[in-house]
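# A closer look at the structure
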Amino acid sequence: MRLEDLYERYEYAVEKLNDTIGDDTEDLAKLLNSYAAKGWRVISIHTNEMGRNLTGMLSNTSTDETVVVFERRVYTKEEVSMLTFEKEAMKKKTVEMVEQKKQEDKEQALKAYNENLARQQEYARNVNDGLLTNNLSIINAINDMFDENPEKGYGIFDLQYTISKRLETNVDTDLLSKIMFRLSSMEAYRLEAGKFYKNDVYEE
């Protein structure tokens, strides 16, 4: 390895802008942007007044020269290769991090969905259990009614009338419907053509 290979190397460029009007801002900006796009940076800039020119009876202008010195690091092939490798590795890592975040968000959303579903199911079970537990007298009356006529089907209004008469109190039709559908979900009864029938497979 050569001694000079141990040190960073740079290259330089010098540009001059001559201005006879007094405002070279636009040209200077274009020059700076052009070099910056290629990896150069300004390390020195200064302006020299070259002289004055008579332009009329009452005025004259000065000619200025703006000198801009640019600097750019010179990389070896090995350094370029290493920088390219590091850039690609960083890009790959960024992509992996984004994909990992997406996967974590997806898993978190699925977990939240399952937890919410479990809560809803638990709530439904509690409501249904409460529905049955709090209305045992109505359920017993329903079972007795179907036991007396196992093959007969009853519409909800027939049930409401007969059970209300049995219990000597008015049974709400909406409540009775909820109870019957709950019992149907337990396969105690089934609904066919608007009428409920007792299932033979149901065991108390």
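Our subject is the structure listed above.
Every value quoted in this text rests on a predicted model; they were computed, and no experiment measured them. (Residues numbered from 1 in each chain as written. Predicted model: local features only at pLDDT ≥ 70, side-chain atom pairs only at ≥ 80, totals over all residues. Heavy atoms only, no water.)

## Section: a nonpolar patch on the surface
For the record, the criterion: Within the patch definition used here, like charges are joined within 9 Å and nonpolar side chains (Val, Leu, Ile, Met, Phe, Trp, Tyr) within 5 Å, considering only residues with over 30% relative accessible area and no salt bridge. Values of accessible area rely on a 1.4 Å probe in the Shrake-Rupley scheme; residue burial ignores everything except the protein chains shown. For this document, the term salt bridge refers to a Lys or Arg side-chain nitrogen within 4 Å of an Asp or Glu carboxyl oxygen. Only DSSP runs of H or I with at least four residues qualify as helices, and only runs of E with at least two residues qualify as strands; both kinds are numbered from the N terminus onward. Any residue under 20% of the maximum accessible area for its type is buried, any over 50% is exposed, and the rest in between are partly exposed; the area is computed with a 1.4 Å probe on protein chains only.
Judged by side-chain polarity, Tyr10, Tyr12 and Ile43 come together as a nonpolar surface patch covering roughly 310 Å² of accessible area. Looking at where isoleucine 43 falls in the secondary structure, it is placed in strand 2 (residues 41-54). Relative accessible area serves as the criterion here: at 43%, isoleucine 43 is assigned to the partly exposed category.

## Let's talk about the packing of helix 3 (residues 136-148) against helix 5 (residues 173-185)
How we decide: Axis lines are fitted to C-alpha atoms, over the contacting stretch for helices. Their N-to-C directions set the angle, which ranges from 0 to 180 degrees. An angle below 35 degrees is read as roughly parallel, one above 145 as roughly antiparallel, one from 65 to 115 as roughly perpendicular, and any other as oblique. Two helices that cross are described as forming a left-handed crossing if the nearer one is turned anticlockwise from the farther one by less than a right angle, and a right-handed crossing if clockwise. Any two residues having at least one pair of non-hydrogen atoms within 4.5 Å are treated as being in contact. Ten residues, namely Ala, Val, Leu, Ile, Met, Phe, Trp, Tyr, Cys and Pro, are considered nonpolar, four, namely Asp, Glu, Lys and Arg, are considered charged, and the remaining ones, Gly among them, are considered polar.
The geometry of helix 3 relative to helix 5 is characterised by a closest axis approach of 11 Å and an angle of 70 degrees between their N-to-C directions. Judged by the angle between their axes, helix 3 and helix 5 are roughly perpendicular. You can see that helix 3 and helix 5 cross each other, and the crossing is right-handed. Here helix 3 contributes Ile138, Ile139, Ile142 and Phe146 to the contact with helix 5, which in turn contributes Leu175, Leu176, Ile179 and Met180. Split into classes, the residues belonging to the contact of helix 3 with helix 5 amount to 8 nonpolar, no polar and no charged.

## Some details on helix 5
The line we're drawing: One less than the number of residues in a helix, times 1.5 Å, gives the span that helix is expected to have. In the analysis that follows, any N or O atom pair within 3.5 Å is treated as a polar contact, provided that within protein one partner can donate a hydrogen and the other can accept it, and provided that, for residues neighboring in sequence, both atoms belong to side chains.
For helix 5, built from 13 residues, the straight-helix expectation of 18 Å at 1.5 Å per residue is met to within 8% by its first-to-last C-alpha distance of 18 Å. By the N-cap criterion, in which a side-chain oxygen at the helix start approaches the backbone nitrogen of a residue two or three places on, helix 5 is capped by aspartate 172, the distance to aspartate 174 being 3.1 Å. Phi for glutamate 187, located one or two positions after helix 5, is positive at around 65 degrees.

## Notes on the nonpolar core
Rule in force here: We call a set of buried residues a nonpolar core when its members are Ala, Val, Leu, Ile, Met, Phe, Trp, Tyr or Cys and they connect through side-chain atoms within 4.5 Å of each other.
Ranked by internal contacts, the top residues of the largest apolar core, which has 20 residues, are Ile142, Phe146, Leu159, Ile163, Leu176 and Met180. Every element with two or more residues in this core is listed here: helix 2 (77-133), helix 3, helix 4 (156-167) and helix 5. Counting residues per element, this core draws most heavily on helix 3, which supplies 6 residues. With residues near it in sequence (within four places) discarded, isoleucine 142 still touches Ile163, Leu176, Ile179, Met180 and Tyr189.

## Topic: the pattern of salt bridges
Here the structure, examined in full by the defined rule, presents 10 salt bridges. The partner of lysine 30 in a salt bridge is glutamate 26, with the nearest N and O atoms 3.6 Å apart. With a gap of 4 residues between them, lysine 30 and glutamate 26 both fall in helix 1 (residues 25-36), about one helical turn apart. Residue aspartate 105 is joined to lysine 101 by a salt bridge in which the shortest nitrogen-to-oxygen separation is 3.0 Å. Placement of the pair is aspartate 105 and lysine 101 together in helix 2, with a separation of 4 residues, close to one helical turn. The class for aspartate 105 is partly exposed, based on a relative accessible area of 40%.

## Description of unusual backbone geometry
In this structure, glutamate 168 takes a positive phi of about 55 degrees despite not being glycine. With respect to the secondary-structure elements, glutamate 168 resides in the loop between helix 4 and helix 5.

## Quick notes on the packing of aromatic side chains
The condition that has to hold: Ring pairs shown here join Phe, Tyr and Trp side chains whose ring centres sit within 6.5 Å, with only the six-membered ring taken for Trp; geometry is labelled stacked below 30 degrees between planes, edge-to-face above 60, and tilted in between.
Under the defined criterion, the tally for this structure stands at 5 aromatic pairs. Taking 4.7 Å as the distance between ring centres and 55 degrees as the angle between the ring planes, the aromatic pair formed by phenylalanine 146 and tyrosine 189 counts as tilted. Note that phenylalanine 146 is positioned in helix 3 and tyrosine 189 in strand 4 (residues 189-192), a separation of 43 residues in sequence. A relative accessible area of 0% places phenylalanine 146 in the buried class.

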